[in-house]
Amino acid sequence: MTRTLQSYVEDTWWSPATSATGTEVRDAATGEPVAIVSSEGLDLAGAMEHARTVGQASLGRLTFHQRAVLLKKLALVLTERKAELYELSSRTGATKSDSWIDVDGGIGVLFTYSGKGRRELPNSTVQLDGPLEPLSKDGSFLGRHVRTTLPGVVVQINAFNFPVWGPLEKFAPAFLAGMPTIVKPATPGAYLTEHMVRILVESGLLPPGSLQLVSGSVRDVLDHARLGDVVAFTGSASTADLLRRHDAVRSGGVVFGAETDSINASVLGPDAVEGTAEFDAYVRQLVTEMTAKAGQKCTAIRRAIVPTASADAVVEAVRRRLEAKVVLGDPRDEGVTMGPLASVDQRDEVLRQVRRLADGGGKIVVGDQQEEGRDSAFLSPILLRFEDAEAPRVHDTEAFGPVSSVIAYDTPEQAAELVVRGGGSLVTSVASADPGFVATLTRRVASANGRILVLDAAAARSSTGHGSPLPMLVHGGPGRAGGSEELGGVRSVFHYMQRTAIQGSPEMLTAITGVWHPGAATRGDAHPFRKSLDELRVGDQVVSEEREVTLDDITHFAEFTGDTFYAHTDEEAAAANPFFPGRVAHGYLLLSFAAGLFVSPEPGPVLANYGLENLRFTTPVSPGDRIRVALTAKQIIPRETDDYGEVHWDAVLTNQDDETVATYDVLTLVSKDGHAA
């Protein structure tokens, strides 16, 4: 008996009533029944409220770094059991390499966001955005932008083509931001997503309410959404447009993001003639994008834009490569390189769009419109050629399968215009060794694309490819592509956070952000370098004694380092400079003196100085001037997996007249317990 998929809601597995009707999902290659999918009777409103309450509370108790550590642990759990995911993935029509894109790609997103969360975010729950803004002359009133977690739930509605990567690439940044997620997979691959969620649940690592799964429809999701919620949609432009019109999105404050249809292009440069490395890379990439996941990728190449002189050569090269490299069949069979489409319905839809392309002026030059068996979802690759590059159909119709169209251009300006005719794309690639052509084309089409890949001989071997979204780079695009962004490193984390301008006194801003602001209270009870990370507090400070800077100091430093710039060695020339009163001390001499003034030299909790940030020299120091430094613990960042953490120190160097000479941040590594690591 075919199994009915379960949903995971309110931290328990839920099954629809036995009398509930559902959608039968079949093996894409064999047609055998796999599962029944239904959410009939599920309390979606209750699941969303569970996320807003239980999920928000459990994630809110964790810092960015603690969430990041959990992401890595979840990635390791999936890695240990990915053979199970590969086995199920083959039933969706995916070959082993297709499954690698989906399964390993999704796991890789978790690893990437784990690393970025620990490297690029503070170990707190508030993210500072941009520099401090002084709002009063005396420093008593300040402004600062901060980001805090949105108070709702992320409901992600996914497409059928990536049952693992699709949910995980949305889940990882939302989880890192502190927002709970409800996953709604597309029906054809829902059984694979269900098993992935089951593995995560069985790990025991998920905070309560942080991840839920609805196997079936969430048609009324926006009826239950409210301010603070996010709906992240991947699918057709028509469905996205319908969702955007809902009152919850139009006036209710619900954040709606969409990644939709995309008539992506790949441009062959005029210089990349047959026989060049760029021509070969272009053809390899085009065939890969036609056949990987059977062309069922939102980033696949739909328009091959090539010079008129190279059009015939491109068609023939694609034909030869398809004949030599592509073996269509059951992905579980040895030697098969391309599997079926996700379903018979999907195959029929692709053939309908191919007919529309043909009716709109496209001529099939490789492949045909014959399905490989009436009851199977197999379809051979199809390449069309449009003699009329301006034909509307090639720029507005997407056959979401192993289908691409060749159109020719005569000038670089026409090539750029053809790219833009797609109405906004996720990605365009260009293969050329001509920097001038690449630079001109890229500047003209960048505003119509979320990503641009440039292929030349130097990058071709290491390139990740036209159709591979990377977690550290933006995935999304303007116009037809949906107008939203996903991925892009920590940028996507901020999609799930609210940016707020905070105004107040230094003391209040320090309390809100956990970061010391100039003018807030300080403590000087003991030298802060003698305190372990566990003992150190934001605002701990040391103020040094004064040190006089002599002409001998400046001369020695110039001779010793070789920095004999005239401002430090020639009194007359220095005085003629509008910035200096005469010979002045080197900035780096002052930093060295400052270190000598504030350092506590004995072995102790401070393990290493690993850099400076935000260094500015503001007032020249002349021979005879006296300097001192105030060093204040500005930000304390424990490392979750290490026995030490980072401390950012606010350093202010002043002269005998209390004028600021230099400002900078000192970065140190400090032991948590006061002993060397």
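Here the structure is a predicted model, which is why all the values come from computation and not from measurement. (Residues numbered from 1 in each chain as written. Predicted model: local features only at pLDDT ≥ 70, side-chain atom pairs only at ≥ 80, totals over all residues. Heavy atoms only, no water.)

Some thoughts on the overall build of the protein
Part 1: Looking only at helices and strands, the protein features 22 helices and 28 strands.
Part 2: Going through the 677 residues of the protein one by one, you find that 53% of them count as buried.
Part 3: The contacts in the protein between residues at least 6 apart in sequence include a share of 74% that link residues at least 24 apart.
Part 4: Across the protein, the mean location of the 63 positive side-chain charges is 4 Å away from that of the 87 negative side-chain charges. (Helix = DSSP H or I, 4+ residues; strand = E, 2+ residues; numbered from the N terminus. Buried < 20%, exposed > 50% of the residue type's maximum accessible area, 1.4 Å probe, protein only. Contact = heavy atoms within 4.5 Å. Lys, Arg positive; Asp, Glu negative; His and termini not counted. Charge placed at Lys NZ, Arg CZ, Asp CG, Glu CD.)

Considerations on the sheet that holds strand 22 (residues 497–504)
Part 1: Read from one edge of the open sheet, three strands run 6-7-22, paired in antiparallel fashion. In this open sheet, the two strands that pair with only one neighbour each are strand 6 (127–134) and strand 22. Between one strand and the next, the sheet's axes are offset by a mean angle of 20°, whatever the strand orientation.
Part 2: Across eight bridges, the pairing between strand 7 (residues 142–149) and strand 22 is antiparallel. When the sheet's bridge partners are listed, Gly143 is paired in strand 22 with Gln503. (Pairing = 2+ DSSP bridges. Axes fitted to C-alpha atoms, helices over the stretch in contact; angles between N-to-C directions.)

Structural notes on the nonpolar core
Part 1: Counting 58 residues, the largest nonpolar core has Val267, Leu268, Tyr282, Ile305, Val318, Val403 and Leu441 as the members making the most contacts within it.
Part 2: Excluding residues that lie within four positions of it along the chain, Tyr282 makes contacts with Ser266, Val267, Leu268, Ala304, Ile305, Val306, Val314 and Ala431.
Part 3: One finds Ala35, Val103, Ala177 and Leu206 within the second-largest nonpolar core, a separate group that totals 55 residues. (Core = buried A, V, L, I, M, F, W, Y, C linked by side-chain atoms within 4.5 Å.)

Concerning the pattern of salt bridges
A pair can form between side chains of opposite charge whenever their charged atoms are brought close.
Part 1: For the structure shown, the criterion picks out 40 salt bridges.
Part 2: A salt bridge links Lys116 to Glu120; the shortest N-O distance between them is 2.7 Å. Here Lys116 and its partner Glu120 are both found in helix 4 (residues 96–120), four residues apart, which amounts to about one turn of the helix.
Part 3: In this structure, Glu646 and Arg639 form a salt bridge, with 3.1 Å as the shortest nitrogen-oxygen distance.
Part 4: Salt bridges linked by common partners bring Asp27, Glu32, Arg91, Asp330 and Arg332 together as one network. (Salt bridge = Lys/Arg side-chain N within 4 Å of Asp/Glu carboxyl O.)

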